[in-house]
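# Understanding the architecture of this molecule
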Amino acid sequence: MRIDIISVIPELISSPFSSSIIKRAIESGVVKVHFHNLRDYSKSKHKKVDDYQYGGGPGMVLMIEPIENCLSQLKSKTSYDAIVLMTPSGKQLDQKLSNKFSLFKNIIIVCGHYKGVDQRVKDYLITHEVSIGNYVLTGGELPAAVFCDSIIRLLPGGIGNETSALNDSFQDGLISAPIYTRPENYKGMTVPKILLSGNSSEIEKWRDKKSIELSSRKNDL
Ligand code: ADE
């Protein structure tokens, strides 16, 4: 898979890609990630990428021109399955959406910034709008990193243990059962006996029960 990320602050997004599982996925060639600084696609003398909004109002708006320049350059060399804008007004990210995107070959992610982007970017240039939740961050960079992480770990070879991503919480709409490791007893806090029993069918039943219990309580405070 190839992911191109367009941002006004590419350095804000690159660090999650340089450690751990995602770094290994990149090194092993499972995914190629390219970062593009939107300012490099501005034709103005001062590399301007944003401007005031028509009609008045606070906040700067990302202009269509540098975004269009960058997208046309990328599209002239590669064909893309999706061009995504990260925005709080987009479709809310969930496991199903990550699964869908993990099947794509090439995608572009545009990170919104400031007040937002010129509406014509949404109307004419992008194919999907994605939000990571109903709250507003300062830009789309962290949401793009979250989105990419959730996709890359699903790619074949993208995660150490092949079965692990399939067993994730939410793959079946449920949260995974609690997990424990050594020691069996830590300062009086013990591991449930069933997990030490060696009885795999009873363990599976216990896990299913816990998973249903946890899922029904998930949004309780
Ligand atoms: N940009 C700012 N907030 C965002 C959010 N919640 N999701 C996606 N992009 C965003």
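The paragraphs below set out a description of the structure included in this document. (Residues numbered from 1 in each chain as written. Predicted model: local features only at pLDDT ≥ 70, side-chain atom pairs only at ≥ 80, totals over all residues. Heavy atoms only, no water.)

## Observations concerning the environment of Glu204
- Mapped onto the elements of the fold, Glu204 is located in helix α7 (residues 200-217).
- Each C-alpha atom of the pair Glu204 and Ile194 lies 9.8 Å from the other, and the pair is 10 residues apart in sequence. (Helix = DSSP H or I, 4+ residues; strand = E, 2+ residues; numbered from the N terminus.)

## Notes on the site of the ligand
- In the vicinity of the ligand, the contacting residues are Met86, Thr87, Pro88, Val130, Ser131, Ile132, Gly133, Tyr135, Val136, Leu137, Gly139 and Pro143.
- Thr87 has a polar backbone atom sitting 3.2 Å from a nitrogen atom of the ligand.
- In the environment of the ligand, a nitrogen atom lies 2.8 Å from a nitrogen or oxygen atom belonging to the backbone of Tyr135.
- For the ligand, the protein covers 97% of the area, taking 260 Å² as the surface of the free molecule.
- At the level of secondary structure, the elements contributing two or more residues to the shell around the ligand comprise β5 (82-92) and β8 (128-131).
- Per-element accounting of the shell around the ligand gives the leading share, three residues, to β5. (Near = heavy atom within 4 Å. Polar contact = N/O pair within 3.5 Å; in protein donor to acceptor, adjacent residues only side chain to side chain. Areas by Shrake-Rupley, 256 points an atom, 1.4 Å probe, with all protein chains shown as cover.)

## Topic: helix α4 (residues 95-102)
- Inspection of α4 places Gln95, Leu97, Ser98, Phe101 and Ser102 among the buried residues, and these make up the whole buried set. Along α4, the residues classed as buried sweep out an arc of 160° about the axis, all on the same side.
- Where α4 is buried, its residues contact β5, β6 (106-111), β8 and α6 (141-152). (Buried < 20%, exposed > 50% of the residue type's maximum accessible area, 1.4 Å probe, protein only. Arc of directions from axis to C-beta. Contact = heavy atoms within 4.5 Å.)

## Focus: the sheet that holds β5
- Read from one edge to the other, the open sheet built from five strands follows the order β2-β1-β6-β5-β8, with strand pairing classed as parallel. Where the open sheet ends on each side, the last strands, each with one partner, are β2 (32-37) and β8. Across the sheet, the mean angle separating the axes of adjacent strands is 30° when strand polarity is ignored.
- Strand direction decides the pairing type here: β5 and β6, joined by five bridges, are parallel. (Pairing = 2+ DSSP bridges. Axes fitted to C-alpha atoms, helices over the stretch in contact; angles between N-to-C directions.)

## As for the pattern of salt bridges
- In this structure the tally under the stated criterion is eight salt bridges.
- For Asp4, the salt bridge goes to Arg2, with nearest N and O atoms at 2.7 Å.
- For Arg2, a relative accessible area of 23% translates into the label partly exposed.
- Its salt-bridge partner being Lys23, residue Glu27 comes within 4.0 Å of it at the nearest N-O pair. With Glu27 and Lys23 both in helix α2 (residues 20-27), this residue pair falls four residues apart, about one helical turn. (Salt bridge = Lys/Arg side-chain N within 4 Å of Asp/Glu carboxyl O.)

## Observations concerning the sheet that holds strand β7 (residues 116-117)
- Strand order across the open sheet formed by three strands is β3-β4-β7, with mixed pairing between neighbours. Since the sheet does not close on itself, it has two edges, and those belong to β3 (50-51) and β7, each with one partner.
- The pairing of β3 with strand β4 (residues 61-62) spans two bridges and is antiparallel. Within the sheet, the bridge partner assigned to Asp51 lies in β4 and is Val61.

## Section: the layout of surface pockets
- Here the largest pocket defines a volume of roughly 370 Å³.
- Its residues assigned to classes, the lining of the largest pocket shows six nonpolar, five polar and five charged.
- In this structure, the second largest pocket is lined by 22 residues; those nearest its centre are Met86, Thr87, Pro88, Leu137 and Gly139.
- A per-element tally of the lining of the second largest pocket places β5 first, with five residues.
- For the lining of the second largest pocket, the residue count by class is 10 nonpolar, 10 polar and two charged. (1 Å grid on protein atoms, 1.4 Å probe; cavity = no way out; pocket = protein on both sides within 12 Å on 5 of 7 lines; lining within 4 Å. Points joined across faces, edges and corners; volume = space filled by probe spheres on them. Nonpolar A, V, L, I, M, F, W, Y, C, P; charged D, E, K, R; others polar.)

## Concerning the side chain of Asp118
- Along the polypeptide, Asp118 turns up in the loop between β7 and α5 (119-125).
- Classification of Asp118 by relative accessible area gives buried; the value is 17%.
- Reaching out from Asp118, the side chain makes a polar contact with the side chain of Arg120 at a distance of 2.7 Å.
- Setting aside residues no more than four positions away along its own chain, Asp118 makes contact with Val61, Leu62 and Ile64.

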